[in-house]
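Notes for the structure review
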Amino acid sequence: MSKRVLFLINGLGLGNSTRCHAIIQHLIESGTSVSVVTSGNGAWYFQNQTNLAAVYEIEPLYYGADGAGLSVGKTLASAVELIKIARRNARRTNDYVTAANPDVVIADSVYSVLGIRKRGIPLLAVNNADVIDQCYRLYGNAPSSVRAQFYCIEEMDYLFHRMFPDLVLSPCLDPNLASTNEKFIRIGPIVRRGVRQADQVGGTPRVLVMLSGSQFGSPVHLNPERHNYHIDVVGRDPQGSQISSDNIVFHGKTLDNETLIRNADLLVVNGGFSAVSEAFVLQKPVIVIPVPNHAEQWVNATTISNLGVGLVTDDAGLEDAICSMYPRIAEYKAAYAKLPPIKDGALQAAEEILMRAN
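Residues numbered from 1 in each chain as written. Predicted model: local features only at pLDDT ≥ 70, side-chain atom pairs only at ≥ 80, totals over all residues. Heavy atoms only, no water.

Brief notes about the packing of aromatic side chains
Within this structure, the stated rule accounts for twelve aromatic pairs. Ring centres of Y158 and F184 lie 5.7 Å apart, and the angle between their planes is 35°; this geometry places the pair in the tilted category. Here Y158, found in helix α7 (residues 147-163), pairs with F184, found in strand β9 (residues 184-187); they are 26 residues apart in sequence, far enough to count as distant. As far as the burial class goes, Y158 and F184 line up, both buried. In textbook terms, an aromatic cluster arises when at least three aromatic residues are bridged by ring pairs, as seen for Y136, Y139, F150, Y151 and W298. (Phe/Tyr/Trp six-rings, centres within 6.5 Å; stacked < 30°, edge-to-face > 60°. Helix = DSSP H or I, 4+ residues; strand = E, 2+ residues; numbered from the N terminus. Buried < 20%, exposed > 50% of the residue type's maximum accessible area, 1.4 Å probe, protein only.)

Following this line, the structure appears as C-alpha cells:
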C-alpha cells in the first residue's frame, strides 16, 4: 500500500505552492499518494494538477495593507476576523485530514495544526523562519521599518515552529549558515523542477521582471527608450499609459514562465523566498525589491546582496537598477562561480518526508 501525504499550503502568493509542488513531484514518483489543502493562489495553481489524490480548499488569510506595503497595525486590527477564518479553516482542515487519512502531514505556513497533533499524525513543516531569525540578528542593520513585522510576525512564526511541528525542513540560500536548533534541518533552496533541470538556450539579451502575485507585488512602469534589450514582465498587465512595445512585453498572470526564466540574463523579483531561490539556483544575476515593511523579504534581499550575486532596490529605483546592473552581469555571474554547489532542497525534503511516513 502506498504512503499517503497531506500538504497544507498557504495560498497568499504562489511561492509556497511552487516549492511544495517541487517536493510533491518527487513523492509521487516514489509511489506516494499526495493530497493538498490550500487557498487563494494555491487553489488556482493546483486545480489542474491531475496527479494529486485530492485538492481541498480553505479560506485565505491575509496581511493588512497600507498602500503597496504591508501594515502590521492593519493586520493586527483585522485580528478578530483572521481568528474567525483560522477557526473555520481548522474545522475544515480536520475534516480533510479525516478524508485523506495521511501517514504524515506537511505544513507550509499554515497554522491550523492542533487537531493534527492530537491525532498523533507526524507533522512536518517547510519553513525557514529560523533562517530569518538568525540572519536578522546576524546582519544587525535592519531598517526600523521592518522591526514591527519581524517581532510581531516573523518571530512568532519562528516560535510556533519551535513548538508545534515534529521537524522543520528549512531551505537556506547561504551554504555557510549552520542551523542553531536540531529541530530545524537546513536544506538547499526549493525550486520548480522545470527551472532546475533546463539550461538557458541563449538568443536575444533579455531581462525578466517577475514580481510577486500577492497584494504587495511592486508596480511596473518602464520607459522603452531607456532599454536596448528585451524586457518580459510576468504577473502584470499594462496599466495606464504603460503598454507592451517592441522591447517590453507584459505577459500577465501565467503558470508557464519557466522558459522566460531560463532565457533571461537578468531577473527582477520581489523578496519572496521562492522567487529569490529560483534566481539563485539558476545562477542568474538578480535585482531584489523587498516588499516595504517586510522583515523576511529584507533578509532575503540582504542575503543576495551579501553573497554578491545581486543588488537591492525599491519600487522607485527599479528602472535605474536595471540600467545600472545590466552592463555588469558578468561581475555577478563571477560571484556565483565562487559559491559551493547548490543542493536540491526539494529532493532533500522528499527524502526526509518519506523517512517519517509510517
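Next comes the rest of the description.
With respect to the sheet that holds strand β14 (residues 286-289)
Pairing is parallel across the open sheet formed by six strands, whose spatial order is β12-β11-β10-β13-β14-β15. Edge strands, defined here as strands with exactly one partner in the open sheet, are β12 (248-252) and β15 (310-312). Across this sheet, the average inter-strand angle for adjacent strands is 15°, counted without regard to direction. Sheet analysis places strand β13 (residues 266-270) next to β14, joined by four bridges and oriented parallel. Across the sheet, residue V269 finds its bridge partner in β14, namely V288. Sitting on the sheet, helix α10 (residues 273-281) touches β10 (206-210), β13 and β14, and the angle it makes with β13 is about 165°. (Pairing = 2+ DSSP bridges. Axes fitted to C-alpha atoms, helices over the stretch in contact; angles between N-to-C directions. Contact = heavy atoms within 4.5 Å.)

As for the sheet that holds strand β7 (residues 123-126)
Strand order in the open sheet formed by seven strands is β3-β2-β1-β6-β7-β8-β9, with parallel pairing between adjacent strands. Each end of this open sheet is capped by a strand with a single partner; those strands are β3 (54-57) and β9. Adjacent strand axes in the sheet meet at a mean angle of 20° when their direction is disregarded. With three bridges joining them, strand β6 (residues 104-108) and β7 adopt parallel strand pairing. Paired with I106 across the bridge in β7 is L124.

Side note on the pairing of strand β8 (residues 167-171)
Among the five residues in β8, five count as buried, and that is most of the element. Residues L167, L169 and P171 of β8 are buried on one face, and the alternating residues V168 and S170, pointing to the opposite face, are buried as well. Both β7 and β8 contribute to a ladder of three bridges, which runs parallel. When the bridges of β8 are listed, L124 appears paired with L167.

Looking at the pattern of salt bridges
One pass over the structure, following the stated rule, counts 15 salt bridges. For R186, the salt bridge identified is with D130, shortest N-O distance 2.9 Å. Placement of R186 in strand β9 and of D130 in helix α6 (residues 129-139) is noted, with a sequence separation of 56 residues between them. Under the relative-accessibility criterion, R186 is labelled buried at 18%. Salt bridges linked by common partners bring E59, E81 and R88 together as one network. (Salt bridge = Lys/Arg side-chain N within 4 Å of Asp/Glu carboxyl O.)

Some details on α7
Relative to the 24 Å expected for 17 residues at 1.5 Å per residue, α7 spans 23 Å between its end C-alpha atoms, a close match to the ideal helical length. Taking the largest bend as the criterion, α7 deviates by roughly 30°, centred on E154. Of all the residues in α7, the buried ones are Q149, F150, I153, E154, E155, D157, Y158, F160 and H161. (Expected span 1.5 Å × (residues − 1). Bend = angle between axes of the 7 residues up to and from the residue.)

So, the nonpolar core
Of all hydrophobic cores here, the largest spans 26 residues; its most connected members are F7, I23, L27, I106 and I353. With five residues, the top contributor of residues to this core is helix α1 (residues 15-29). In terms of nonpolar packing, the next biggest core, distinct from the first, is built from 24 residues, L267, V286, A301 and V309 among them. (Core = buried A, V, L, I, M, F, W, Y, C linked by side-chain atoms within 4.5 Å.)

So, the side chain of T32
For T32, the location among the structural elements is in the loop between α1 and β2 (33-38). Side-chain polar atoms of T32 contact the side chain of S30, separated by 2.9 Å. (Polar contact = N/O pair within 3.5 Å; in protein donor to acceptor, adjacent residues only side chain to side chain.)

Overview of α10
Counting buried positions along α10 yields nine of nine residues, so the element is predominantly enclosed. By the burial criterion, the buried members of α10 are F273, S274, A275, V276, S277, E278, A279, F280 and V281. Of the residues one or two after α10, Q283 is the one with positive phi, at around 55°.

Focus on the environment of V312
With respect to the helices and strands, the residue V312 is situated in strand β15. Along the primary structure V312 and P290 are separated by 22 residues, whereas in three dimensions their C-alpha atoms are 7.7 Å apart. Among residues more than four places away in sequence, those in contact with V312 are V288, P290, A301, T302 and S305.

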